[in-house]
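Each chain is listed here by its residues.
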Amino acid sequence: MSPDEALRTAVLACFAAPALALAAVAAPSFFRRPLPEGRAGAIVQTGMLSCLAALLAAALLWDRAGGAPAVLALGGGWVTGGAFAFDLVVDGWSLGFAILSVAICGVVSAFSFRYLHQERGFHRYFILLVAFVLGLLLVSLAGSIEVLYAGWEVMGLSSALLVAFFHERPAPVESGFRVLAFYRIGDACMLAAAALLHHWSGSGSLAMLFSRSGAEAALTPGHAAAIAVLLIAAAGAKSALLPFSTWLPRAMEGPTPSSAVYYGALSIHAGCFLLLRASPLLSQSPLARGLAASAGAATAIYAALVTRAQSDVKSRLCFSSLTQVGIIFVEIALGLKVLAFLHMVGNACYRLLQFLSAPNILHDIHELENDLGGSIAQAGAPAGASARWLYLLALERGFLDGMIERCIVQPVAQAVSRLDRLDRRLCGSLPGLAREAADGD
Amino acid sequence: MPPTAADDTAALSEIIEHVAHLLPAQGPISIFIHHNTLHAFESLPFEEAVVRAGEKFGCEPFLPEDEYRAEFLRGRIADADLELALREELRDQADLPVLGDISRLELRRRIARHGLPQASGPALSWLLKETSALRRYRGDLPPDAREALSAAGSEDSAAELAGVLGLWEACLSAARRSPQSPAQEPAGPMPRLRDLILESRGVDLDAWVHPLLIRLVAAFLDQGLAHWTLPGRERGLYDCFLDLYSHPLASLCGRWAAGLPPLLKEERDLKLYPMASLRRSLEALGVRPEERESYLEATILALRGWGGMVRQLGKRPDRVPARSLPASLTEFLAVRLLLQRAALAFAAGSTPVAEFVSSLRAARPGAAAPSLEERAWPLFHTAQLCGLQAAQVADLTAEQACAWEAEVREFSTVARRRVLHAAYERHLRGRLCDALAQHAPVESPAKPAFQAIFCLDEREESFRRHLEEVEPEAETLSTAGFFGVAMYYQGATDAHPRPLCPIAIRPAHFVEEVKADPGSTAVRWRSTRRRGAGRFGKAVHFGSATLAGGALVTALLGPLSIIPLVLRVLFPRWARAWEGSLLPLETAPVTRLKLDRAPDPPPIGTHSGYTKAEMAQVVGSVLRGLGAADRLAELVAVLGHGSVSLNNPHESAHDCGACGGGRGGPNARAFAQMANDPEVRALLAGEGLRIPKATWFVGAQRNTCDNSVDFYDLDLLPKRLETRFDAAAKAFARARRHEAHERCRRFESFPTSAGTGAAVSHVEARSHDLAQPRPEYGHATNAFCIVGRRERTRGLFLDRRAFLVSYDPLKDGGGTLETTLSAVVPVVAGISLEYYFSRVDPTGYGCGTKLPHNIACLLGVMDGAQSDLRTGLPWQMVEIHEPVRLFMVVECLPDRFDRVLAVQPDLRGLLERRWLFAACLDPDSGALWLREADGYRPWRPEKALAAVAEGSLAWYGGKRGHLPIAEVMGAASKEGRA
């Protein structure tokens, strides 16, 4: 087997392993014969381990081949003109993020295997978790914007469904819906970016965006800026940057390990990763660069302020994680790619550990207080004339919920109900439809 | 004359005090105390209380019908139990015919046994149109009914179709003939305006108000989770709220909040007391004076977890670190009503609020009368269950049809579940009676190798049994696990003191653990290092959430955290060992309890330490209660218990109930130290209680999660007792392994075929595993409480289901039983009833599954991102529990028990209203009397007691579920062993 073929096989294997595990767990459940817990767990673990092994092998092969970015064209050309391609790109960033993702998901699946023991929805949880791994792999190894988009969608869907995991209560379902709605905004931006990229450059290949020379060759600065802004919006929605941050605290409805892996560790950093990959594009456009930096900085300040007033452990954690995500955006905008990547890895691992042991906070604080010999509570509070509104701002999470309700939800709802009324009036006058419209009331 | 404002205020505070009783009594979760979830309803008979409370809280009174029916299949309920339960309810009416020659009892028996599918409205139409309900008879008919029905036609389906259709038509016509009962739908109490608006406009005011209110109350109650404390919270919630939310920015909280700042500004300028504001708000909301109680009740119950916590912290500030918090329910309500007013004003839009409210009231829809199909549906099913054919139904007169319908309606699903539940409990009580009546007492050794005094906790039952199996020369005793030492306790490494005694007692004494040698360099170096570690930990804890600190921590330490992450998740036991070796704690310094009375004022409570006379009193009353005062062995171990687990907000619920959700080790240690004190012994000798000079008490703590036992103050053990102690310690170690193995049989993830070695590592891993939501099952499966001599239960396999209390009726000079029961009953009844309710309605009375729990304020858990504070027990703690009321067997004659009840009205009330059951066991014979409403009924054994000779393992080995009581170490087998 030639080195190229070996690399190709390894990369394919890292997709095949979780895909097979997904099928093996999901199919019996679909036919209402769910596998016994032990077997389902073993299949998922094997899938994750083989995936990790394949990725490590790919990394080794890639390194031995000289460490130059490699594009694997795995198919495509289905649509006339050959514009759609299933390309993967193998380089340090993509392998790094993929390995991090699979390793973390592996650890979390081992955790969840015991944590969700005997829970209704055990299988559903693992199906969604493995789907998430597949989505992450697609995103991290994407070589064309079609692949990226597919992965982006799978990730978003699995995370919304896990937020709504306890669907017998209304709050999780509402929150899941809200998460999905915000993700859709980001998805729409990414889809627009994909369409524009195809339109302007004639291909969806990301390789030209991911390298400076490629980006400069294929796109004019104006086009590059437009695509970069759309990608920043897509990344911002996924990473809960301002003004999208309101969905993040609501996403804490799922089982603790799912909150940990999505909002502590991986999903929230997927936006950072996207921006990291597209940073050559940023360097081409000062406007986009400024936008990324200011969104990141605003988010970091916002989240750091909000964290201070949160009195439940999960909100506190998700906002402190978001603070760092904002800083990572700034680092990327400044071109500090390696620092940003390390920061990302560090934040992911650290928050994951904090989230997984969030129910242990009573224990931890008790021990800390014993070591300190006194209460841990800080008598801290903002002082001075601005104290009152600063605290209110932090407690009410910057009034984002209210503002979004006022500026987006309300106008949209009004417009929709106006359209609905118009629709009825128009249809009501048509013979035969009048009754149906009345029945529908 | 209109009432004055002062009268009105007094009346209002009375109303608030009254409705506040409905709030959950759960305090801070780190001091978890089991209590009767329906404490507010204790003055009602149990069966009525659960139904009334269920309506009030929207919760279930019993298990679902199907769960009871499944119990018939595995023999957990016998048909005879059901019949007896029905007869008890119907009494002399049981045999009255109600449908043809079918008696009421028979009709109800069939309905209870097989059930009536509940359906109405569109669901019923669907069943009738789309399923085989009108084509085939029910599949689960009793054989005689099937026979009677198929006798009409032959077996073929065409005949069956005709038969079913005919029967349905006949039932419809019977329902038509039977006069429609008057729609009994009196206008219920005034619902909350929120409910009216939700019903009529689909707008939920709670969805606007609750997020804000929860955030505010959480910030107010926070015990140290947030970096910033709510500004000015020492002035109370109401003031804080007015101060904060009258800021113009607050109108951004949502569209509904546009009017909030002006409203609050106006309120603030009036400078009202919270109570006056409350009164003003009630008027503004259009609540009439006579409706106040029901309105406030509904309002307070809408966020009952948070309301309850506010009330608890107001009542018992000594249970949290932030003791100076002025928590008041009135303020909470005043704030809530102000928010409600703002929301209501927005919902009303341009309509004036008063007009809006009265239009809402006028528009209240009444309940619709049931349709003909809805009335015929249950008749149709009962007819099938009784084997009635169409012709027989058609022959019924209008009166007969009416009586039939009334009977079926009266035997509603709640009534059916009540009877099924009675049968379910009756069966279990019967098995304990059988066992106690048939078990031949196994005498404790006359000169025991050692004695061990345990807590009465039902988890100690298995440990005691195994200890007696591995060391037949040991004697075990038990009493409430605080051993009479009610104290505030502060360990040498503890930051705060905490109460260690039953919740009903507010301790007067403060006891501190001090280092024996505080001046030594090792000790000082150690505490310096600990302070350093604490400061570093605190810096990381708070810093990691900030901008710069977080960047530093995550970028520098973050990548390293993958190591503890992988270790702790994948290899919990190794991680424990690794962390231990990384931070070597040397040998823990020697400590002592500062038990003696000191003049310095205590940080909490009224006295530092005990006087010798007080100590003598504690020791004397415990030893007398045990009935062991005159036969103390040379070595007496006193074992308190606690439970250590990770990632478990409900950890403290596994600790000792008699220590108020604390670990009872310090109490055991204090008791031992008191009993070893020569001055105390001299005082006791003066009272006639002679503790032999050779006797030595050793305190210990048992961890019920990883089954370990740690002894205290072993350096003080007299030399002569060392060999004796070593032998005892060995027996404890062996018993630990065996007991771990028995416990593990309930864990699905432990293979039933594995051995004792695997069991010990399994329970240790569980205790240290972050990913383990079931570190132990706590009090789950508790069902009995046996008060009497150990010899009556020694050798019985009680499956960790019985609280055991040592009491010797032969040595009771009068009064001992009273003292014992008054300490024991509140603890065990609280545990039993809390488990009952959390199991019967796991999401209503319990706090649902643990998986999405989110710790708020360090005080309790919410579901997911934000919710009401969830009280009760999580599903993972109660899933194997059988919800039954506690059955207490007391070893004494009925007239002796009656004398106790005469002076203990609380216990008497609980028994008369059936919150628990009792029986008396004759101290001389095996006779047993059940206490019933009209006196004592002698028990006649129903089933023979199973027996195995080889010990517990032979009985439980390889089995998962609840096991019957059995004799595992009878007199015969003990001789065989010897």
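Residues numbered from 1 in each chain as written. Chains lettered and ligands numbered in written order. Predicted model: local features only at pLDDT ≥ 70, side-chain atom pairs only at ≥ 80, totals over all residues. Heavy atoms only, no water.

Some details on the packing of helix α14 (residues 286-307) of chain A against helix α15 (residues 313-333) of chain A
Residues and elements named next belong to chain A.
Stage number 1. At a minimum axis separation of 7 Å, α14 and α15 run at an interaxial angle of 155°. Relative to α15, the element α14 is oriented roughly antiparallel. The handedness of the crossing between α14 and α15 comes out as left-handed. Between α14 and α15, the contacting residues are Arg289, Ala292, Ala293, Gly296, Ala297, Thr299, Ala300, Tyr302, Ala303, Ala304, Val306 and Thr307 on the first element and Arg316, Phe319, Ser320, Leu322, Thr323, Gly326, Ile327, Phe329, Val330 and Ala333 on the second. (Axes fitted to C-alpha atoms, helices over the stretch in contact; angles between N-to-C directions. Helix = DSSP H or I, 4+ residues; strand = E, 2+ residues; numbered from the N terminus. Parallel < 35°, antiparallel > 145°, perpendicular 65-115°, else oblique. Left-handed = near helix turned anticlockwise from the far one by under 90°. Contact = heavy atoms within 4.5 Å.)

Here's the deal with the side chain of Glu469(B)
Stage number 1. Within the secondary structure, Glu469(B) sits in helix α22 (residues 459-470).
Stage number 2. Within the local environment of Glu469(B), its side chain forms a polar contact with the side chain of Ser952(B), the two groups lying 2.4 Å apart. (Polar contact = N/O pair within 3.5 Å; in protein donor to acceptor, adjacent residues only side chain to side chain.)

Considerations on the interface of chain B and chain A
Stage number 1. The partner chain A presents 85 residues to the 92 residues of chain B that form the contact.
Stage number 2. Interface area, chain B with chain A, both sides summed: about 8,100 Å², of which 62% is carbon and sulfur.
Stage number 3. Interface area lost by chain B to chain A is led by Trp228(B), Arg255(B) and Leu851(B), which between them contribute 11%.
Stage number 4. Scanning the region where chain B abuts chain A turns up four salt bridges.
Stage number 5. A salt bridge links Arg114(A) to Asp769(B); the nearest nitrogen and oxygen atoms lie 2.5 Å apart.
Stage number 6. When grouped by side-chain class, the residues that make up the side of chain B that touches chain A number 45 nonpolar, 29 polar and 18 charged. (Buried area = accessible area lost by both parts, 1.4 Å probe. Salt bridge = Lys/Arg side-chain N within 4 Å of Asp/Glu carboxyl O. Nonpolar A, V, L, I, M, F, W, Y, C, P; charged D, E, K, R; others polar.)

Topic: the side chain of Ser767(B)
Residues and elements named next belong to chain B.
Stage number 1. Position of Ser767 relative to the elements: it lies in helix α31 (residues 756-768).
Stage number 2. Side-chain polar atoms of Ser767 contact the backbone oxygen of Val644, separated by 2.9 Å.
Stage number 3. Apart from the residues within four sequence positions on either side, Ser767 is in contact with Val644, Ser645, Leu646, Cys705 and Asp706.

Details of the pairing of strand β3 (residues 450-455) of chain B
All names here are of chain B.
Stage number 1. Burial within β3 is extensive, with six of its six residues counted as buried.
Stage number 2. By the bridge criterion, six bridges tie β3 to strand β4 (residues 474-479) in an arrangement that is parallel. Its bridge partner being in β4, Phe454 is matched across the sheet by Ser478.
Stage number 3. This β-α-β element, β3 to α22 to β4, shows right-handed connectivity. (Buried < 20%, exposed > 50% of the residue type's maximum accessible area, 1.4 Å probe, protein only. Pairing = 2+ DSSP bridges. Right-handed = clockwise from strand over helix to strand, strands pointing away.)

Focus: the domain arrangement of chain A
Stage number 1. According to the domain assignment, chain A contains domain 1 (3-363) and domain 2 (400-440).
Stage number 2. Between domain 1 of chain A and domain 2 of chain A, the C-alpha centre-to-centre distance is 36 Å. (Domains from an automatic or database assignment.)

Things to note about the nonpolar core
Side chains that are nonpolar tend, in soluble globular proteins, to be buried together.
Residue and element names in this part refer to chain B.
Stage number 1. Counting 411 residues, the largest nonpolar core has Leu221, Tyr245, Trp306 and Phe671 as the members making the most contacts within it.
Stage number 2. With sequence-adjacent residues up to four places away left out, Leu221 is seen in contact with Arg233, Trp306, Met309, Val310, Leu313, Leu325, Cys857 and Leu859.
Stage number 3. Formed by 21 residues, the second largest nonpolar core is a distinct cluster that contains Phe450, Phe463, Leu635 and Ala735. (Core = buried A, V, L, I, M, F, W, Y, C linked by side-chain atoms within 4.5 Å.)

A look at the sheet that holds strand β22 (residues 946-947) of chain B
All names here are of chain B.
Stage number 1. Strand order in this open sheet of three strands is β14-β23-β22, and the pairing throughout is mixed. At either margin of the open sheet sits one strand with a lone partner, and together these are β14 (796-797) and β22.
Stage number 2. Taken together, the two bridges between β22 and strand β23 (residues 966-967) define a ladder with parallel strand orientation. If you follow Ala947 over to β23, its bridge partner there is Glu967.

What about the packing of aromatic side chains?
Stage number 1. Under the definition given, this model contains 40 aromatic pairs over all chains.
Stage number 2. An angle of 55° between the planes, with centres 4.9 Å apart, marks the rings of Phe122(A) and Phe126(A) as tilted. Here Phe122(A) pairs with Phe126(A), and both are found in helix α4 (residues 122-141), just four residues apart, close to one helical turn.
Stage number 3. Classification of Phe122(A) by relative accessible area gives buried; the value is 2%.
Stage number 4. Under the relative-accessibility criterion, Phe126(A) is labelled buried at 3%.
Stage number 5. Cluster of aromatic residues (ring-pair linked, three or more members): Phe41(B), Phe46(B), Phe57(B), Tyr836(B), Phe837(B), Tyr845(B) and Trp915(B).
Stage number 6. Across from the ring centre of Tyr183(A), 4.0 Å away, lies the NZ or CZ of Lys238(A), which sits over that ring.
Stage number 7. The ring of Phe463(B) carries the charged tip of Arg702(B) above its face, separated from the ring centre by 4.3 Å. (Phe/Tyr/Trp six-rings, centres within 6.5 Å; stacked < 30°, edge-to-face > 60°. Lys NZ or Arg CZ within 6 Å of the ring centre and 35° of its normal.)

Digging into the pairing of strand β5 (residues 487-490) of chain B
Residues and elements named next belong to chain B.
Stage number 1. Burial of the side chains of β5 extends over both faces: Met487 and Tyr489 are buried on one face and Tyr488 and Gln490 on the other.
Stage number 2. With three bridges joining them, β5 and strand β6 (residues 498-500) adopt antiparallel strand pairing. Note that in β6 the partner of Met487 across the bridge is Leu500.
Stage number 3. The sheet contact formed by β5 and strand β7 (residues 509-515) spans four bridges and is parallel. Bridged to Tyr489 within β7 is Val511.

A closer look at the sheet that holds strand β13 (residues 784-788) of chain B
All names here are of chain B.
Stage number 1. Read from one edge of the open sheet, six strands run β15-β13-β18-β19-β20-β21, paired in mixed fashion. Strand pairing shows two members of the sheet lacking a second neighbour, β15 (802-806) and β21 (935-938), which therefore form its edges. Averaged over all adjacent pairs, the angle separating strand axes in this sheet is 25°, with direction ignored.
Stage number 2. Of the strand pairs in this sheet, β13 and strand β18 (residues 887-890) are connected by four bridges, and their pairing is parallel. Counted as the bridge partner of Cys785 is Met888 from β18.
Stage number 3. Sitting on the sheet, helix α32 (residues 816-840) is in contact with β13, β15 and β18, with an inclination near 170° to β13.

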